[in-house]
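Here are the chains, one letter per residue:
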Amino acid sequence: MVKKVRKACLQAERDYAPQPYSGRVILFRSSHKPLGQTIDPRAGWSTYAADGLEIHEIKSNHENILLEPQVRFVAEQLKTCLEEVPVAGCGHADEVLSL
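The following paragraphs examine the structure supplied in this document.

Definitions and limits used
Residues numbered from 1 in each chain as written. Predicted model: local features only at pLDDT ≥ 70, side-chain atom pairs only at ≥ 80, totals over all residues. Heavy atoms only, no water. Core = buried A, V, L, I, M, F, W, Y, C linked by side-chain atoms within 4.5 Å. Buried < 20%, exposed > 50% of the residue type's maximum accessible area, 1.4 Å probe, protein only. Helix = DSSP H or I, 4+ residues; strand = E, 2+ residues; numbered from the N terminus. Contact = heavy atoms within 4.5 Å. Polar contact = N/O pair within 3.5 Å; in protein donor to acceptor, adjacent residues only side chain to side chain. Expected span 1.5 Å × (residues − 1). Salt bridge = Lys/Arg side-chain N within 4 Å of Asp/Glu carboxyl O. Pairing = 2+ DSSP bridges.

A separate point is the nonpolar core. Core analysis: the biggest nonpolar cluster contains 5 residues, these being Val25, Leu27, Ala49, Leu53 and Ile55. At the level of elements, strand 1 (25-30) and strand 2 (53-58) are the ones that each hand at least two residues to this core. Apart from the residues within four sequence positions on either side, alanine 49 is in contact with Tyr21, Gly23 and Val25.

This part is about the side chain of histidine 56. Here histidine 56 is to be found in strand 2. A distance of 2.7 Å separates the side chain of histidine 56 from the side chain of glutamate 54, its partner in a polar contact.

Bringing unusual backbone geometry into the picture now. In the segment running from glutamate 68 into proline 69, the intervening peptide bond is cis, with an omega of 0°. By secondary structure assignment, the location of proline 69 is in the loop between strand 2 and helix 2 (70-88). Of note in the backbone geometry, alanine 43 takes a positive phi value of approximately 50° without being a glycine. You can call alanine 43 partly exposed: its relative accessible area is 35%.

Turning our eyes to something else, we now look at helix 1 (residues 2-15). The end-to-end C-alpha separation of helix 1 is 20 Å, in line with the 20 Å expected for 14 residues at 1.5 Å each. Burial analysis of helix 1 places just 0 of its 14 residues in the buried class, which makes it a mostly uncovered element.

Now for the pattern of salt bridges. Summed over all chains, the structure comprises 4 salt bridges. Across the salt bridge formed by glutamate 54 and arginine 24, the nearest N and O atoms sit 3.5 Å from each other. Here glutamate 54 is found in strand 2, whereas its partner arginine 24 is found in the loop between helix 1 and strand 1, with 30 residues between them in sequence. Looking at glutamate 54, the relative accessible area reads 3%, which means it is buried. Of the charged contacts in the structure, one is a salt bridge between arginine 72 and glutamate 68, with a shortest N-O distance of 2.5 Å.

Summarising burial for strand 2: 5 of the 6 residues are buried, a large majority. One ladder, built from 6 bridges, connects strand 1 with strand 2; its direction is parallel. Pairing of arginine 29 across the sheet is with glutamate 57, part of strand 2.

Set out below in C-alpha cells:
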C-alpha cells in the first residue's frame with residue numbers, strides 16, 4: 001500500500017504544471033540562505049504571482065521557522081496580513097522585508 005501511495009505521489013509531481021495565481025502571493029521565508037540556493041531573491045515566485053509578491057523574512061532557518069520563538073513572528077505577520085485582506089489586500093509594496 002505504501003509503495004502505491006509513493007508511486008502516485010511521484011506521478012502527480014511529474015504531471016503537475018504550476019499556473020500563475022491571479023491574486024497577490026505572500027511569502028514567509030527564513031533569513032538563512034543555504035549554500036547553492038538560487039540567487040533570485042524572490043525564489044522563483046514572481047512567475048506565479050500575477051498580482052505581485054510580498055515577502056516577509058523571518059530571522060530563522062528553514063528547519064526552525066515554524067518552531068518557537070520564530071513561529072510567533074510568523075503568526076504576527078500572518079495575522080496582520082489577514083486583517084488587511086478585506087480592506088485593500090495585504091501590503092502595497094513589491095517586497096516587504098521585516099523582522
